Amino acid sequence: MGRVSLRNVRKSFGTTDVIKGIDLEIEDGEFMVFVGPSGCGKSTMLRMIAGLESIDGGDLLIDGKRANDVRPADRGAAMVFQNYALYPHMTVAENMGFALKMAGVGRAARDEQVRRAADVLRIGDLLGRTPKELSGGQRQRVAIGRAIVRKPRVFLFDEPLSNLDAALRVDMRIELSRLHRELGTTMVYVTHDQVEAMTMGTRIAVFNRGNIEQLGAPLSLYNEPANEFVAGFLGAPRVNLVDVPGPEATPALRAFWSMLLPVVPAQARRAGVRAEHLRVVASGAGVPATVVMAEHLGDVSVLHLRVDGIADLLHAKVDASHAHLVAGASVGLVAGGSVLAFDGTGQRIER
Amino acid sequence: MSVAAITPAPVIGHGAAGARTVRWSAYLIVGIGALFMLAPFWFMFVFATHSRGEIFNLPPPLWFGSDLAHNFQLLTERLPFWRNLGWSIYVALMATALTLLFCSMAGYAFALMEFRFKKALFGIVMATMLLPSFMNMIPMFMIMDALGWIDQQRALYVPGAASAFGIFLMRQFASTAVPRELVEAARMDGCGEFDIYWRIVLPLMKPALGTLALITFITSWNNFINPLIVMRSLPNYTLPLALRSLQSTMNTEWGALMCGSAIATIPLIVLFAITSRQLIAGLTAGAVK
């Protein structure tokens, strides 16, 4: 079992409230991802579950038992740190078996469990080495192995992949998902990388300023964000937010907005169009726009466009047939597909 | 140490020959400096093998004589020499062990633990380094007297066991060599505070511990003032004090004294030869990342 319940959990550092009363049920076997910008409280929340930060208010329950004041080692949680935090003076095997040693497990049983965890992670041939003889990816495997050996009720990951290079990160992402399937253990995973959040999570909790802005399955968060913050946080490039035209609006902005009108309710104060829902057509058709920068990635091109009267650059993700476009080119913009509508307070308006 | 500052200046327009001249003259200056510094040691070893009369010849003897055995015999007659040597070793080892224990614990606490008044406490510890050590002489005597420790060896190794310098060195090292996450990982793995210190922090501080051990051992071994203040009887003296007792206005056996001094120096020379690399490495550790 590994069910974690947070009931109105609070935390302050001095006079700053970093966690402002969080309620969350993490189901047994779930892969829960905490995302959010730096300083949003996601890491602090994880560390509070781990027992590395005290809980100032509210209750933390692990499998129904209040764990606020339980020693970190006795909470049944194992943590994987961003910088691995392997003990440099111990071999890989000693690192992985250390928690068992501290728990008084005999040498033979320890070796057996270390061996089994090493097999799962395919690091059996590294057991005799010390951490400084390992590559970054290997170190991260050992750190995960150290967590597995303890047979925890819940795994806690604190941005575990952010020190790895891009290719390795993709591999480890797949690896961690596989591990979650095989072990079936509850995992709580903190990241600021939305790709990791979208691809790995059963559910995502989007943190902002010590609160959870929205909780849900990855695609529902992407397609039906509760508010502008969530819409802006998930999706790369960022969602294009366009204000309703006022009395002094430019013709281009009016034209852009009228293009959205069929799908945007009248009370909307702002509309959000995802980059993949903007199409580029020949200059003369659509809303006139100028290419400020073009990023041709091979399979797709990301265009950053200026529309007269819209303060922010608009981003469009278009197919590779537009690879000839360069900065300065004049094009026409057409919005198609779904459009998000927000009210004056930034909340999304359901259609 | 000061010789390290003399490095050949870059020479412009003189070619290889000019550069070589500068280099060799630098070596010459360094060599002369080294000679001056080594001379007292040389004379100590040489005089240890001569009788008192020969030592005061003009010019003094520059090479080894034949009176070593005689000098040594004199030394052991005048002093409980082996006993004094034993006390020196005992005091130095105890001082080293206690200093390592207390300074590493305090250094770890100041580097990685959070507690109230941490900054103020560390400031007070550091402030004690500002006081000239001679200011400490009379209070130290009074405290030792009050404790009833006069003429006891513990008066030599206990007071220095938590030295400000040692705490500072350990704190600086711990704050670079022991990442906070490591302590947290250990806590997650079931370590209590002492286990974290003993199993994680201490092994990682080994380089700094080696440096501090060496410095403490040498300081204790050479310490003259503190034994002079608190030790009363010759059989309880450490070596520097015992050797000093050989000196008198009229009748100093210089040969025996030099013989004793030479014997007292040898352990340090051997120790330094083995560990100098470590000593210097430890002192500059963390200076450059």
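The structure presented is a predicted model; accordingly, all values stated were derived computationally and were not measured.

What follows is about the overall build of chain A. Broken down by element type, chain A carries 9 helices and 18 strands. Considering only C-alpha atoms, chain A reaches an extent of 75 × 45 × 35 Å along its principal axes. Residues classed as buried in chain A amount to 53% of the 351 residues present. Summed over its atoms, the accessible surface of chain A is roughly 15300 Å², and 51% of this surface lies on carbon and sulfur atoms. In chain A, 41 positive and 39 negative side-chain charges are present, and the distance between their average locations comes to 4 Å.

With a probe scaled to a water molecule rolled over the atoms, the places where space remains empty come into view. All names here are of chain B. One number sums up the size of the largest pocket: a volume of about 1200 Å³. As for the largest pocket, its lining consists of 39 residues, of which Asn-136, Pro-159, Gly-160, Ser-163 and Asn-226 are closest to the centre. Of all elements in the fold, only α4 (81–112), α6 (137–147), α7 (154–157), α8 (164–177), α11 (206–222) and α12 (225–230) reach the threshold of two or more residues within the lining of the largest pocket. Here the residues of the lining of the largest pocket are counted per class, giving 26 nonpolar, 13 polar and no charged.

Our next topic: the packing of helix α10 (residues 193–204) of chain B against α11 of chain B. Residue and element names in this part refer to chain B. α11 packs onto α10 with a crossing angle of 70° between their chain directions and a minimal axis gap of 5 Å. Between α10 and α11, the crossing angle belongs to the class labelled roughly perpendicular. Contact residues: α10 offers Leu-202, Pro-203 and Leu-204, while α11 offers Lys-206, Pro-207 and Leu-209. Counted by class, the contact of α10 with α11 contains 5 nonpolar, no polar and 1 charged residues.

Turning next to the sheet that holds strand β11 (residues 240–243) of chain A. Residue and element names in this part refer to chain A. One open sheet holds the 3 strands; their spatial order is β11-β12-β18, and the pairing between them is antiparallel. Looking at which strands have only one partner, the edges of the open sheet turn out to be β11 and β18 (340–342). In this sheet, adjacent strand axes meet at a mean angle of 25° when their direction is disregarded. Inspection of the sheet shows β11 paired to strand β12 (residues 270–273) by 4 bridges, in the antiparallel sense. For Asn-240, the partnering residue across the bridge sits in β12 and is Val-273.

Turning next to the interface of chain A and chain B. With 23 residues of chain A in contact, the opposing surface of chain B contributes 15 residues. Summing the contributions of chain A and of chain B, the shared interface buries around 1700 Å²; its carbon and sulfur component is 66%. If you sort the residues of chain A by the area they bury against chain B, Tyr-87, His-89 and Met-102 of chain A come out on top, with a joint share of 31%. Across the chain A-chain B interface, the total number found is 2 salt bridges. Note that Asp-189 of chain B is salt-bridged to Arg-150 of chain A, the shortest N-O span being 3.8 Å. If you look at where chain A meets chain B, you find 7 residue pairs in polar contact (both at pLDDT 80 or more).

Core analysis: the largest hydrophobic core is formed by 67 residues, its most contacted members being Leu-6, Phe-34, Met-45 and Leu-156 of chain A. Formed by 42 residues, the second largest nonpolar core is a distinct cluster that contains Val-33, Val-80, Val-114 and Ala-147 of chain A.

Right, let's talk about the pattern of salt bridges for a bit. Residue and element names in this part refer to chain A. Evaluation of the coordinates by the stated rule reveals 25 salt bridges over all chains. In this structure, the salt-bridge partner of Arg-3 is Glu-25, at a minimum N-O distance of 2.9 Å. Highlighted residues: Arg-3 in the segment before β1 (4–13) and Glu-25 in strand β2 (residues 16–26), separated in sequence by 22 residues. Using a relative accessible area of 29% as the deciding quantity, one classes Arg-3 as partly exposed. When salt bridges that share partners are traced, they join Arg-122, Arg-141, Glu-175, Arg-178 and Glu-182 into one network.

Summed over all chains, the structure comprises 1 cavity of 30 Å³ or more. Together, Ala-78, Met-79, Phe-81, Arg-146, Ala-147 and Arg-150 of chain A together with Ala-185, Met-188 and Asp-189 of chain B line the largest cavity. Elements represented by at least two residues in the lining of the largest cavity include exactly β6 (77–80) and α4 (136–149) of chain A together with α9 (180–188) of chain B. Looking at the lining of the largest cavity residue by residue, the class counts come to 6 nonpolar, no polar and 3 charged.

A few words now on unusual backbone geometry. A negative phi holds for most residues other than glycine; trans holds for most peptide bonds. Between Ala-236 of chain A and the following residue, Pro-237 of chain A, the backbone shows a cis peptide bond with an omega angle of -5°. By the secondary structure assignment, Pro-237 of chain A is in the loop between α8 (228–233) and β11. Despite not being glycine, Phe-117 of chain B shows a phi value in the positive range, around 65°.

Considering the arrangement of structural elements, one finds Gln-194 of chain A in helix α6 (residues 194–200). Classification of Gln-194 of chain A by relative accessible area gives buried; the value is 16%.

By the element assignment, Pro-262 of chain A lies in the loop between α9 (251–260) and β12. Residues Pro-262 of chain A and Leu-313 of chain A, 51 residues apart in the sequence, show an inter-C-alpha distance of 23 Å.

Next up on the list: the confidence of the model for chain B. All names here are of chain B. Taken as a whole, chain B shows an average pLDDT of 83; of its residues, 91% reach a score of 70 or greater. Note on residues 1–5: pLDDT is under 50 here. Beyond four places in sequence and across chains, it has 3 contacts. Two summary scores accompany this predicted model of the complex, namely pTM at 0.80 and ipTM at 0.84.

This paragraph deals with the packing of aromatic side chains. Under the counting rule described, the total for this entry stands at 21 aromatic pairs over all chains. With centroids separated by 4.8 Å and ring planes inclined at 50°, the aromatic side chains of Phe-34 of chain A and Phe-207 of chain A adopt a geometry described as tilted. Remark: Phe-207 of chain A occurs in strand β9 (residues 203–208) and Phe-34 of chain A occurs in strand β3 (residues 31–35); sequence separation between them is 173 residues. Across the pair, Phe-207 of chain A and Phe-34 of chain A agree in class, each one buried. On the basis of an interplanar angle of 50° and a centroid distance of 6.0 Å, the ring pair of Phe-110 of chain B and Phe-115 of chain B is categorised as tilted. With a relative accessible area of 32%, Phe-115 of chain B lands in the partly exposed category. Ring pairing ties together the aromatic residues Phe-31, Phe-155, Phe-157 and Tyr-189 of chain A, which thus form one cluster. Geometry around Tyr-87 of chain A places Arg-146 of chain A over its ring, the cationic atom sitting 4.9 Å from the centre. Over the face of the ring belonging to Phe-122 of chain B we find Arg-171 of chain B, whose NZ or CZ atom lies 4.2 Å from the ring centre.

Basis of the calculations
- Residues numbered from 1 in each chain as written.
- Chains lettered and ligands numbered in written order.
- Predicted model: local features only at pLDDT ≥ 70, side-chain atom pairs only at ≥ 80, totals over all residues.
- Heavy atoms only, no water.
- Helix = DSSP H or I, 4+ residues; strand = E, 2+ residues; numbered from the N terminus.
- Buried < 20%, exposed > 50% of the residue type's maximum accessible area, 1.4 Å probe, protein only.
- Areas by Shrake-Rupley, 256 points an atom, 1.4 Å probe, with all protein chains shown as cover.
- Lys, Arg positive; Asp, Glu negative; His and termini not counted.
- Charge placed at Lys NZ, Arg CZ, Asp CG, Glu CD.
- 1 Å grid on protein atoms, 1.4 Å probe; cavity = no way out; pocket = protein on both sides within 12 Å on 5 of 7 lines; lining within 4 Å.
- Points joined across faces, edges and corners; volume = space filled by probe spheres on them.
- Nonpolar A, V, L, I, M, F, W, Y, C, P; charged D, E, K, R; others polar.
- Axes fitted to C-alpha atoms, helices over the stretch in contact; angles between N-to-C directions.
- Parallel < 35°, antiparallel > 145°, perpendicular 65-115°, else oblique.
- Contact = heavy atoms within 4.5 Å.
- Pairing = 2+ DSSP bridges.
- Buried area = accessible area lost by both parts, 1.4 Å probe.
- Salt bridge = Lys/Arg side-chain N within 4 Å of Asp/Glu carboxyl O.
- Polar contact = N/O pair within 3.5 Å; in protein donor to acceptor, adjacent residues only side chain to side chain.
- Core = buried A, V, L, I, M, F, W, Y, C linked by side-chain atoms within 4.5 Å.
- pLDDT = per-residue confidence, 0-100.
- Phe/Tyr/Trp six-rings, centres within 6.5 Å; stacked < 30°, edge-to-face > 60°.
- Lys NZ or Arg CZ within 6 Å of the ring centre and 35° of its normal.

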